[in-house]
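Chain by chain, the residues run as shown.
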Amino acid sequence: MNLKLLESLALGEVRYFDSVGSTNDLAIEWANQNAPHLSIVIADEQTAGRGRLNRKWLTPKGTALALSVILRPEENTPLSRTVGLGALAITDACLKLGLAPQIKWPNDILLNNKKVAGILVETLWDGATARAVVVGMGVNFTKEALPPAEALNFPATSLESALGKAASREEFLREVLASFIARLPQIASAQFLNAWAERLAYQNEEVQIIAQSDEITHGKLLGLENDGSLSLQNANGNRLTIRYGDVSLRPSA
Ligand code: BT5
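Below or above, wherever it landed, is the structure these notes cover.

Calculation criteria
Residue indices follow the written sequence of each chain, beginning from 1 at its first position. At least 70 in pLDDT is required for a residue's local features to be given in this predicted model, at least 80 for side-chain atom pairs to be given and counted, and no such filter applies to totals for whole chains, interfaces and linings, which use all residues. In computing side-chain values, all of the structure's heavy atoms are included and hydrogens and water are not. A carboxyl oxygen of Asp or Glu within 4 Å of a side-chain nitrogen of Lys or Arg is what we treat as a salt bridge. Starting at the N terminus, helices and strands are each numbered in turn, a helix being any DSSP run of H or I of at least four residues and a strand any DSSP run of E of at least two. Throughout this description, buried means an accessible area under 20% of the type-specific maximum (1.4 Å probe, protein chains only), exposed means over 50%, and partly exposed covers the range between. The definitions used throughout rest on a 1 Å grid laid over the protein atoms alone, on which a cavity is an enclosed set of points accommodating a 1.4 Å probe that cannot get out and a pocket is an open set flanked by protein within 12 Å on both sides along at least five of seven lines; lining residues are those having an atom within 4 Å of a point. Grid points are joined across faces, edges and corners, and a volume is the space filled by probe spheres set on the points. Just so you know the grouping, Ala, Val, Leu, Ile, Met, Phe, Trp, Tyr, Cys and Pro go in nonpolar, Asp, Glu, Lys and Arg go in charged, and all remaining residues, Gly too, go in polar. Any helix carries an expected span of 1.5 Å times its number of residues minus one. By definition in these notes, contact holds between two residues if any of their heavy atoms fall within 4.5 Å. We call two N or O atoms a polar contact when they sit within 3.5 Å, provided that within protein one can donate a hydrogen and the other can accept it, with sequence-adjacent residues counted only if both atoms are side-chain atoms. By definition, two strands form a pair when at least two bridges between them are found by DSSP. Note on definitions: angles span 0 to 180 degrees between N-to-C directions of axes, and those axes are lines fitted to C-alpha atoms, for helices only across the stretch in contact.

**Topic: the pattern of salt bridges**
A complete count under the given rule lists 13 salt bridges for this structure. A salt bridge links R199 to D92; the nearest nitrogen and oxygen atoms lie 2.8 Å apart. With R199 in the loop between α5 (190-198) and β8 (206-210) and D92 in helix α2 (residues 82-96), this residue pair connects regions lying 107 residues apart in the sequence. Look at D92 and you get buried, because its relative accessible area is 15%. Overlapping salt bridges bring together D25, R50 and E122 as one network.

As structure tokens, this is what we get:
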């Protein structure tokens, strides 16, 4: 990958690899050492890419973007909004291509109701202080990036399928990072939260939230709470708050 396009961006350091296990693993290792704020790890292939709960994330060679951004948060950075930062950055880059992306809360990006990208946020703690946050982003470019249908827990797609033609990984990467850098100083603002909420999939629709325990919560999707939690209304008209965590959102059948 030609990373010349990144030269004008206010990044920390850039580490590129032809093949890695997981860019998040390398980013965590580097963040535990001396990685400067806004350093990035990019790879052309991941052999042990991770989703949440140690689910697998596939990144075959040359088919996708696998990127991890290292943040050194300030004391007042709202950490629960960092997944929204990744989601806004990826959707901004999709919008630039003329696509209509939606965010399937908490960590998926959809095109035509299919998952084109996933986000994995991991935080390194020093006691109660966040030393670093790693925002991992995986974006499918070609259909070869997709796992076989039986390995999917939600339908998947690629930028190429949605666009009807190939997209440049270098340019998309640049747009994602430019948006990430531009939105980071606004992360605590109402404007940031509104932009995030406006892009949510299934607004005002009935959805189900499946917890790790398999417990299912049903409700109408209202929007986001201040901390980025999801706000639902149940059948009795009561408001429910679903906190960011290892939950899955599905439209109700
Ligand atoms: C995610 O997890 O969606 C977070 C994915 C984050 C990947 C990035 S790539 C760069 C960085 N380095 C890493 O190691 N990870 C991050 P989750 O919501 O748990 O979804 C995982 C599920 O998505 C899997 O169980 C599959 O069903 C599905 N899946 C796996 N690979 C996929 C792909 N390429 N496209 C679409 N869906 C996929």
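Having seen the model, we can carry on.
**Topic: the layout of surface pockets**
Quantified by volume, the largest pocket comes out at close to 590 Å³. What lines the largest pocket is a set of 38 residues, among which G51, R55, K56, W57 and K115 lie closest to the centre. Going through the elements one at a time, α1 (23-32), β3 (64-71), β6 (114-126), β7 (129-140) and β12 (248-251) are the ones with two or more residues in the lining of the largest pocket. Its residues placed into classes, the lining of the largest pocket shows 16 nonpolar, 14 polar and eight charged. Computed from the structure, the second largest pocket encloses a volume of approximately 190 Å³.

**A look at helix α4 (residues 169-183)**
Compared with an ideal rise of 1.5 Å per residue, which puts 15 residues at 21 Å, α4 spans 21 Å between its outermost C-alpha atoms and is within 8% of the ideal. Taken together, the buried positions of α4 are occupied by R169, F172, L173, V176, L177, S179, F180 and I181. Among the structural elements, β2 (39-43), β3, α2, β7 and α3 (159-163) are those in contact with the buried residues of α4. Structurally, the start of α4 carries an N-cap: the backbone nitrogen of E170 is 3.4 Å from a side-chain oxygen of S168.

**Considerations on the sheet that holds strand β1 (residues 14-17)**
Read across the sheet, seven strands follow the order β1-β2-β3-β7-β6-β5-β4 without closing on themselves; strand pairing throughout is mixed. Edge positions in the sheet fall to β1 and β4 (102-104), since each has one partner strand and no second. Strand after strand, the sheet turns through a mean of 20° between neighbouring axes, direction not considered. Here β2 pairs with β3 via five bridges, running antiparallel. Its bridge partner lying in β3, I40 is registered against V69. Relative to the sheet, α2 contacts β3, β4, β5 (108-111), β6 and β7, its axis offset from that of β6 by approximately 145°.

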